[in-house]
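The residues making up each chain are set out below.
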Amino acid sequence: MKLSTKFNELKDRNEAALLSYVCAGDPDIESTPEIVDALIKGGADIIELGLPFSDPVADGPTIQEASERALKAGMNPDRYFELVASLDVDVPLVCMTYYNLVFQRGLDSFVEDCVNSGISGLIIPDLPAEESEDLAKACSNKDIDLIFLITPVTTDDRIKMILEKCSGFVYIVSRLGVTGARSDVTDATAQILSRVKTDVPKAVGFGISNGDQASRVVSAGADGVIVGSAFVDIIASGENVNQRLEELAKDIKDGCRKK
Amino acid sequence: MSGPKYGKYGGQFVPEILMPALEELEEGYEKYRNDPEFLKELDYYLKDFAGRETPLYYAKNMSKKYGVKIYLKREDLVHGGAHKLNNTIGQALLAKYMGKTRLVAETGAGQHGTATAMAGTNMGFQTHVYMGAKDTVRQRMNVYRMELMGATVHPVESGSKTLKDAINEALRDWVSNVENTHYLIGSVVGPHPYPMMVRDFQSVIGNEVKQQILEKEGRYPDSIVACTGGGSNAMGIFHPFVEDKDVDLVAVEAGGSGMKCTEKAALHSASLSVGEDGVLQGARTRILQDKYGQILESSSVSAGLDYSGVGPELAYLADIGRITPRVANDDMALKAFHELSLMEGIIPALESSHAVAHVMEAAESGELGELVVINLSGRGDKDLEAVRKIDLGE
């Protein structure tokens, strides 16, 4: 499913989207389909599936450790695309990974594998807009969305340049730092949201771990909330994983409905 | 502002959150690199704090044995014991001019961390150094030195617990504290403008060699040999000679315990010699990676060369045939460590020992010509305990 279709659907229902991130193959390859199912049952509207990289510099310890577990479990790009193709879901899937994996597979091959396995969008956190021309071309040839990040320190000129290249949604980082669950959602979120003027849906990530935070982000004007580390923490704990993922997704999705 | 590339290499492959910091750094560097006041202060630090210029020493015993004239550029005599201080003085001074109050750095052998702590404490910075937990053990005296000079050393327990992981952690710190912090990268690696800036600050080595060798020999050398991990001492001595095509520039990488790879690791650190085109830690360059693009852990007896990538400019110069990549393995480096100590009364760092080892191996074949300069990038005091253990078979 196209990301724009999903966001339009939600807009009609006056809801914000829950975008949930998990790392494919964490803790093992067999668990991923159940984990994805649990998240969707809980209300996840879009699933971001991480393709693990050995050196994830944009991520904090939680997701770095998830990547290490997944790599240890044998996850690689070949298995990733097989796994994605085998998922039986009716929500958009987004691939999140680092540029070297895309580069080694070849940009066109990587994008083609995305299309064939059912992925609608790509997030490459170490590929800033300036370096993205070749991949953007490959993505637009195949009608795949290339999603970029905007942060509180991104200048207005850069925001403009990034928005020209971004499709699907724009990933708004609510605070400085790497990924990881935090207890506060600061005023910086509202400020950055007001600076990003676009028709492309705005999804806010970094540090959101419960429904209250989600509802605050949504009332500040977000069209979606992105939650990663809080889900990954549950997977890492290994206890009642699917049930707890579903419950947390439900709590956060409830926060998304208070738009 | 996308940075200059070296052929297809270089660039700025970093999280968006760092792009404004890189822009600010580019602007700051452009503003101050030719500023008379900045240059005067830089010159003062290099001369009176670091102890430049360093001698170009004629290694008479080694020359006699190997039948070629061998000079050693004595970067081991820089304050702190390695060339690293040239760059940390330059960057710390730049950070001061830019109004930053905090420095973060990563270190492998500990030499760059030590040099950052020296420059940082002298210029009034709060200094945080990230170091692989494995390296904090094999270089514990350097950890102590850094702490004596007021730096906070953070052992990194993730991944292979070496330099590559320390860089990841330092990047994360910078991402989190970008407003008041300068990330002081220690080699000619990372996103633009670092490879250019570090090269410029290290070029003092090659510029001095140019004058010194003309005074002593009336001509440029036939070859210049430098060890290469990230490649800062190599680019520092090579850069002023890049246009002088008669001078062969030889980059000696760590061959570790063999030129092979296991599933997750290389037994060597020879990314320039056998690495492949890829993107690592901010730049496109040659890297050690598997067929999917996952980074392989590297290996070397010397912590300072133990890195899975290499500076993008070196990758470019290798592509166009301007530099010659060579490999010296652990055993050769250890042999050179002992031989230079015995022959000249100079104990080289294990990193530099790789360059010395290559000269010992290649001199007699004539491939290096008649007049050779080795960049003795650092002294071996930090390696004494490690080498002694190897000698005793511990």
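Residues numbered from 1 in each chain as written. Chains lettered and ligands numbered in written order. Predicted model: local features only at pLDDT ≥ 70, side-chain atom pairs only at ≥ 80, totals over all residues. Heavy atoms only, no water.

Per an unreviewed UniProt entry, the recorded name for chain B is Tryptophan synthase beta chain, and the organism is Methanococcoides methylutens MM1. Taken verbatim from the UniProt record of chain B, the Catalytic activity (unreviewed entry) comment is "(1S,2R)-1-C-(indol-3-yl)glycerol 3-phosphate + L-serine = D-glyceraldehyde 3-phosphate + L-tryptophan + H2O". Its UniProt record gives chain B the following Pathway (unreviewed entry) comment, quoted word for word: "Amino-acid biosynthesis; L-tryptophan biosynthesis; L-tryptophan from chorismate: step 5/5." (UniProt positions renumbered as here; feature names shortened; annotations may be inferred.)

As recorded in an unreviewed UniProt entry, chain A goes by the name Tryptophan synthase alpha chain, listed as coming from Methanococcoides methylutens MM1. A UniProt comment under Pathway (unreviewed entry) is attached to chain A, and it reads "Amino-acid biosynthesis; L-tryptophan biosynthesis; L-tryptophan from chorismate: step 5/5." In the Sequence similarities (unreviewed entry) part of its UniProt record, chain A is described as follows: "Belongs to the TrpA family."

A.B. asks: Can you walk me through the overall build of chain B in this structure?
C.D. replies: A tally of regular secondary structure across chain B gives 16 helices and 14 strands. Here chain B has a C-alpha radius of gyration of 19 Å; the compact-globule value for 394 residues is 21 Å, and the two agree. Counting only C-alpha atoms, chain B reaches 55 × 50 × 40 Å along its principal axes. Within the span of chain B, comprising 394 residues, buried residues form 66% of the whole. Here chain B displays about 13,700 Å² of accessible surface, and carbon together with sulfur accounts for 50% of that area. Distance from the positive charge centre (41 side chains) to the negative charge centre (54 side chains) of chain B: 2 Å. (Helix = DSSP H or I, 4+ residues; strand = E, 2+ residues; numbered from the N terminus. Rg over C-alpha atoms; globule rule 2.2 N^0.38 Å. Buried < 20%, exposed > 50% of the residue type's maximum accessible area, 1.4 Å probe, protein only. Areas by Shrake-Rupley, 256 points an atom, 1.4 Å probe, with all protein chains shown as cover. Lys, Arg positive; Asp, Glu negative; His and termini not counted. Charge placed at Lys NZ, Arg CZ, Asp CG, Glu CD.)

A.B. asks: Please explain the side chain of Gln91 of chain B as it appears in this structure.
C.D. replies: All names here are of chain B. Tracing the sequence through the fold places Gln91 in helix α4 (residues 84-97). Residue Gln91 is classed as buried on the basis of its relative accessible area of 0%. Looking at Gln91, its side chain comes within polar contact range of the side chain of His182, at 2.8 Å. (Polar contact = N/O pair within 3.5 Å; in protein donor to acceptor, adjacent residues only side chain to side chain.)

A.B. asks: Just to check I follow, could you spell out the packing of helix α14 (residues 330-344) of chain B against helix α16 (residues 384-391) of chain B for this structure?
C.D. replies: Packed helices, taken two at a time, are described by the angle their axes make and the gap between the axes. Residues and elements named next belong to chain B. Two elements in contact, α14 and α16, have axes separated by 12 Å at closest approach and are oriented at 110 degrees. It follows from the interaxial angle that α14 and α16 lie roughly perpendicular. Contacts between α14 and α16 involve Leu334, Phe337 and His338 from the first element and Leu384, Val387, Ile390 and Asp391 from the second. Within the contact of α14 with α16, the residues separate by chemical class into five nonpolar, one polar and one charged. (Axes fitted to C-alpha atoms, helices over the stretch in contact; angles between N-to-C directions. Parallel < 35°, antiparallel > 145°, perpendicular 65-115°, else oblique. Contact = heavy atoms within 4.5 Å. Nonpolar A, V, L, I, M, F, W, Y, C, P; charged D, E, K, R; others polar.)

A.B. asks: How should I be thinking about the nonpolar core in this particular structure?
C.D. replies: For soluble globular proteins, nonpolar side chains are generally found buried alongside one another. Ranked by size, the top nonpolar core spans 152 residues in total, and within it Tyr80, Tyr99, Leu122, Leu135, Phe169 and Val225 of chain A together with Trp174 of chain B carry the most contacts. Each of domain 1 (16-46 + 84-198) and domain 2 (51-81 + 201-392) of chain B accounts for three or more of the residues forming this core. If near-sequence neighbours (up to four positions away) are discounted, Tyr80 of chain A is found in contact with Ala24, Leu49, Gly50, Leu51, Met75, Val94, Cys95, Met96 and Ile119 of chain A. Judged by nonpolar contacts, the second largest core, of 28 residues, contains Ile70, Cys227, Ala363 and Leu368 of chain B. (Core = buried A, V, L, I, M, F, W, Y, C linked by side-chain atoms within 4.5 Å. Domains from an automatic or database assignment.)

A.B. asks: For this particular structure, what's the right way to read the domain arrangement of chain B?
C.D. replies: As a measure of interface size, the accessible area lost when the parts come together is often cited. Residues and elements named next belong to chain B. Looking at the assigned domains, one finds that chain B contains domain 1 (16-46 + 84-198) and domain 2 (51-81 + 201-392). Between domain 1 and domain 2, the C-alpha centre-to-centre distance is 22 Å. Each partner contributes to the interface: domain 1 provides 36 residues, whereas domain 2 provides 37 residues. Where domain 1 abuts domain 2, roughly 2,800 Å² becomes buried across the two surfaces, and 57% of that area is made up of carbon and sulfur atoms. At the boundary of domain 1 with domain 2, the tally comes to one salt bridge. Residue Glu385 pairs with Arg140 through a salt bridge whose shortest N-O separation is 3.3 Å. Taken together, domain 1 and domain 2 are joined by 13 residue pairs in polar contact (both at pLDDT 80 or more). Listing elements by their share of the side of domain 1 that touches domain 2, those giving two or more residues are α2 (36-49), α4, α5 (111-122), α6 (133-138), α7 (140-148), α8 (163-176) and α9 (194-202). (Buried area = accessible area lost by both parts, 1.4 Å probe. Salt bridge = Lys/Arg side-chain N within 4 Å of Asp/Glu carboxyl O.)

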